[in-house]
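This is what each chain is made of:
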Amino acid sequence: MIKTVVFLPDERLLEAAQAMIRERKLTNVSVRAIRTMDAVNEARAAAERGAGLVVASGYQAKLIREYTRLPLVEIRLHTQELGMLLKRARAMARKERPHIGLAAPENLLCDLESIEELFDLRLSVVFLKQTDHISRALRELARLKPDVIMGGEAVCAEARQMGFPSLSLDITERSVAVALLEAERMAAASKLRETAAEEGGAQDALPDGGGSEGSVRVSPNGTVLSISSLIEGLIGRNNEEVVGLPLSGVFPELDSKAAARILRGEQKEYSACAELLGRSWLIRVTPVRYGAQITGANVDFKSVEEAFSAKDGLRFRKSRLIGYEAGASFEDIATEDEPMRRMLALAKRYAGSDAPVLIYGEEGTERQTVAEAIHNISLRRGGPFVRVDAKAIGQEGDNGRAGLLEALKKASGGTLFIKDVDRLSPSLQSGLIKLLTADGAVRADAQPLYSPGVRVMASSGVCLQNMVRDGFFHEELFYLLHGLTLQIPPLRRRPADLELYFERYLQECASRLKSALTPEEEALRELCSLDFHGNHIQLKAFCERLALTADGDRVDAAQIRELYEELYPEFPGPEREEPERIVVYQPPEATELNEVLEKYKGNRGMAAKELGISTTTLWRKMRKYGIEARYVNAEV
């Protein structure tokens, strides 16, 4: 562990903090009690002795952050601890709804949202910005006439002189324990970055993953020039066997068109994840330049597992044992539909990021399967995959908050998948915004949660843009989720896939019944004329019933039609009005790009000419709006 120093405002917690360090077997961690006036000098001295991380609280932390560049973990008062203090303050006040005054540095306190409602009291808070602010803060509180004043020892001493009952507001063992855990994680992440710099240079480090473990050199025309020894082991071929072969022939997992764009100078880099020999790898393709000329490309590989410590690995294995595991992979998603293939290609690229992913799709489409597949080739592959249904926790109140917080705890270090995120209540939407904007520190009312490293994926069956417009969805949350967006076409718009899965499910059902069923061509055409609005869920149930009731070993069109009308009389197939399609919001410029590209069937040269821009600028704009995957097979 990187050398860490913990500064405490008094000696009261020294022994407890040292015991925590011994219990967690943390190395290179020291604890000192210091005066606030010495905080900056103590931090600088610790840095000179090799400390790379500081843990401190309150005004001491504020000074260290302001006057040094040392990485800092702040000790904050735990919300449950504040709740216990407020109960004591209520008892001291002896009133049904007491008025409590609180004076403390802002960075010492947890989230105070809804505290008044939870504890049935009035709370007046004054933030201390510096040590000589105490008298002014207490005069401000005194004008409000609180029943009890809470604060540090200096605040309490002066409050008693002013005639107010006081209650000491000090950090406790629980607060120190949470800060030590956060420091441990920060130190581990810093160690990974140092390793990356030592192995390949900081400028060559892969996103969130460290330095390159294996590499491939590529010529300007896209053929392999050389491969490292690690790559030889991965693909089971030596350097001499692959030199001169096209990159796509050696690594079919890579997007060959993206590599070609990099060699042409149309794209700066390409990142993706791939599964090789049972391990997940981060892959980055970057150009090699000599002056202004591109002379080839580098393909760097980094094992995803290296991003996790052995201790984290043990915790993640335990998560798997109790069911928090993603079982699906991209290989499980069979498709013969071109839009679906483009969506899956984009999803694989999203696996190289740690940003939220929003998956649009109807009930019964592959929304969760796609989320699991992304997780399983992402940086969070070793972590838990926790599923939560927003309809189940979407209600207002403590039950909904507790459900979301419990899910976040379980997903720590991994992925949280929220099904039907549009069903979250407004208060839970606000809690999710905190998760996505507060560096992993989440607090909802009186229940704190430090959940570092949770990636959020969400699905929705309705357009969130419309919900924002109608006031049912938080605009900030919409923009947070809507960066990496996928849209899964329903089965009725994928007739080839409908036939494929129908035959698969039918054979699975028939096999269990020790029989064999073969659909006729007319039966398949009849099937594609019907509206399976429930997608895979409905199709599986339909096949189960068909396998149980079919006469003989052939399935004809009449059997398909009769069973559908029996099971779903209110859905008369092709005569049914087409449901409203999910429409994903795009800026006007993106809409114009789409229209011109569709006009020329994706031909970028002709589209760029009409728009009056270069093909390079066009490609940059396509990447900006995430529409390049729709035209990967089009002519340039």
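Our structure is the block above this text.
Residue indices follow the written sequence of each chain, beginning from 1 at its first position. Thresholds applied to this predicted model are a pLDDT of at least 70 for local features of residues and 80 or more for the giving and counting of side-chain atom pairs; totals over whole chains, interfaces and linings are not thresholded and use all residues. Each side-chain value is derived from all of the structure's non-hydrogen atoms; neither hydrogens nor water enter the calculation.

Any chance you could break down the sheet that holds strand 1 (residues 4–8) for me, citing the residues and the numbers?
If you walk across this open sheet you meet the four strands as 2-1-3-4, and the pairing is parallel. Single-partner strands in this sheet number two, and they are strand 2 (29–33) and strand 4 (72–75). Within the sheet, the average angular offset between the axes of one strand and its neighbour, ignoring direction, is 20 degrees. At least two DSSP bridges between two strands are required for those strands to pair. Helix and strand assignments follow DSSP, with helices taken as H or I runs no shorter than four residues and strands as E runs no shorter than two, numbered in order from the N terminus. As defined by bridge partners, strand 3 (residues 53–57) adjoins strand 4 across four bridges and the pair is classed as parallel. Within strand 4, the residue paired with Ala 56 across the bridge is Glu 74. Helix axes are fitted only over the stretch in contact, all axes being lines through C-alpha atoms; the angle between N-to-C directions runs from 0 to 180 degrees.

Talk me through the packing of aromatic side chains; I want residue IDs and the actual numbers.
Under the pairing criterion, centres of Phe, Tyr and Trp rings, with the six-membered ring standing for Trp, must be within 6.5 Å; the plane angle then separates stacked pairs below 30 degrees from edge-to-face pairs above 60, leaving the rest tilted. Across all of its chains, the model carries eight aromatic pairs by this definition. Judged by centre distance (6.2 Å) and plane angle (20 degrees), the rings of Phe 385 and Phe 417 are stacked. Placement of the pair is Phe 385 in strand 15 (residues 385–389) and Phe 417 in strand 16 (residues 415–419), with a sequence separation of 32 residues. Ring pairs connect the aromatic residues Phe 532, Phe 542, Tyr 564 and Tyr 568, which therefore count as one cluster. Whether a charge sits over a ring depends on NZ of Lys or CZ of Arg being within 6 Å of the ring centre and within 35 degrees of the ring normal. Residue placement shows Lys 348 over the ring face of Phe 330; its charged tip is 5.4 Å from the ring centre.

Go over the pairing of strand 3, please, and point to the residues and values.
Exposure is judged per residue with a 1.4 Å probe applied to protein chains only, and the accessible area is read against the type maximum: over 50% gives exposed, under 20% gives buried, and values in between give partly exposed. Burial analysis of strand 3 places five of its five residues in the buried class, which makes it a mostly covered element. With burial as the criterion, each face of strand 3 is covered, one bearing Leu 53, Val 55 and Ser 57 and the other bearing Val 54 and Ala 56. Bridge count for strand 1 against strand 3 is three bridges, and the pairing is parallel. Note that in strand 3 the partner of Val 6 across the bridge is Val 55. Orient the strands so they point away from the viewer, and a crossover whose first-strand-to-second-strand path over the helix runs clockwise is right-handed. On the question of chirality, the crossover connecting strand 3 to the parallel strand 4 by way of helix 3 (residues 58–67) is right-handed.

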